[in-house]
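Reading the structure
If you want the building blocks of each chain, they are given just below.
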Amino acid sequence: MKLWVNGELLDADAARVSVLDHGMTVGDGVFETMKAVHGRAFALTRHLDRLTASARGLGLPAPDLDEVRRACAAVLDANPMPMGRLRVTYTGGVSPLGSDRGDAAPTLVVGLGEATRRPDSTAVVTVPWTRNERGALTGLKTTSYAENVVALARAREHGATEALFANTVGQLCEGTGTNVFVVLDGELLTPPVASGCLAGITRALTVEWTGARERDLPLDVLERADEVFLTSTLRDVQAVHRVDGRDLPAVPGPVTAKAMRVFDERSGDDLDP
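Residues numbered from 1 in each chain as written. Predicted model: local features only at pLDDT ≥ 70, side-chain atom pairs only at ≥ 80, totals over all residues. Heavy atoms only, no water.

Below, the discussion takes up the side chain of Thr 202. Secondary-structure assignment places Thr 202 in helix H5 (residues 201-210). On the basis of relative accessibility, which here comes to 5%, the residue Thr 202 falls in the buried class. A polar side-chain atom of Thr 202 sits 3.2 Å from the main-chain carbonyl oxygen of Ser 232. What Thr 202 contacts, discounting residues up to four positions off in sequence, is Thr 231, Ser 232, Thr 233, Asp 236 and Phe 263. (Helix = DSSP H or I, 4+ residues; strand = E, 2+ residues; numbered from the N terminus. Buried < 20%, exposed > 50% of the residue type's maximum accessible area, 1.4 Å probe, protein only. Polar contact = N/O pair within 3.5 Å; in protein donor to acceptor, adjacent residues only side chain to side chain. Contact = heavy atoms within 4.5 Å.)

Attention now moves to the packing of helix H2 (residues 44-58) against helix H3 (residues 65-78). Closest axis-to-axis distance for the H2/H3 pair is 11 Å, and the angle between their directions is 130°. Between H2 and H3, the crossing angle belongs to the class labelled oblique. For the crossing formed where H2 meets H3, the hand is right-handed. For the pair H2 and H3, the contacting residues are Leu 44, Thr 45, Leu 48 and Thr 52 in the first and Leu 65, Val 68, Arg 69 and Cys 72 in the second. Of the residues in the contact of H2 with H3, the class split is 5 nonpolar, 2 polar and 1 charged. (Axes fitted to C-alpha atoms, helices over the stretch in contact; angles between N-to-C directions. Parallel < 35°, antiparallel > 145°, perpendicular 65-115°, else oblique. Left-handed = near helix turned anticlockwise from the far one by under 90°. Nonpolar A, V, L, I, M, F, W, Y, C, P; charged D, E, K, R; others polar.)

It is worth spelling out the sheet that holds strand S2 (residues 8-11) at this point. Taken together, 6 strands build an open sheet; the order of strands is S2-S1-S6-S5-S3-S4 and the sheet is antiparallel. Each edge of the open sheet is held by one strand with a lone partner, namely S2 and strand S4 (40-41). Pairing of strand S1 (residues 2-5) with S2 involves 4 bridges; the strand directions are antiparallel. Considered in S2, the bridge of Val 5 is made with Glu 8. Set on the sheet, H2 makes contact with strand S3 (29-37), S4 and strand S5 (83-91); between it and S3 the angle comes to about 170°. (Pairing = 2+ DSSP bridges.)

On to H2, then. Given 3.6 residues per turn, any residue in an α-helix points the same way as the ones three and four places further on. Over its 15 residues, H2 extends 21 Å from the first C-alpha to the last, a length consistent with the 21 Å expected when each residue adds 1.5 Å. Where H2 is concerned, the buried positions are Leu 44, His 47, Leu 48, Arg 50, Leu 51, Thr 52, Ser 54, Ala 55 and Leu 58. Check the buried side of H2 and you find it contacts S3, S4, H3, S5 and H5. Phi turns positive, to about 85°, at Gly 59, one or two residues after H2. (Expected span 1.5 Å × (residues − 1).)

Below, the discussion takes up the pairing of S3. With respect to burial, S3 is a largely interior element, 8 of its 9 residues being buried. Pairing of S3 with S5 involves 9 bridges; the strand directions are antiparallel. Bridge pairing in S5 links Val 30 to Tyr 90. Sheet analysis places S3 next to S4, joined by 2 bridges and oriented antiparallel. Across the sheet, Ala 36 pairs through a bridge with Ala 41, a residue of S4. Counting the residues between successive antiparallel strands, the hairpin from S3 to S4 contains 2 residues, one of them, His 38, with a positive phi of roughly 50°.

Dropping the structure here:
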């Protein structure tokens, strides 16, 4: 396995960042994860645009996207595999211990791990913790992921692969690494970005390609929805067959099945939509 670290393509055993890197000490960094199919990253341009927006929101210098593209290409070429998880991590670089940043250049790391196609359906649980729709990091894809680690561990304990959050006013928000869609009376709906959810790339494409509508939804919509599905970079569109203790019938339902089919077709036609 070879990774890109600050301008060099290195073997995994030799790939190192400083223990004083601000991304490690205080989570001062942003990242993007992309699906890679036979050496090509899906929706690379959209992901790099979001990387830039996240860096701007965190107050980091804008990443050199030409360098990021070179790094992605080098890592993909060096690690051939049918399907992979391509991750770009961009941090505040070496800094003093504490929250203040130093004067060092940002750190850029690109890595690739093997991945497999997800099952067509999965189980999810709701968790008692909330997303803060008014927080300083809301809408940014940062490396401060400890809340997601805790919530995902809760999901695994209950036989699920994802945990869903409400926001501070009790509205359905998102999963630890997914966006959520529901079907009510035949209408496909998803929480708006104002709910505090991440503006997922797969979410945006699903909205564009299916005509789904954004709407504020109470968390208990999950108890009434006819269908539920998740979207993310590596899940694409994945049906949900159980929410907490509630089994959903005939999964995937007709709206979800159509969304899955449309996403497969459209994403297969254009790897950088």
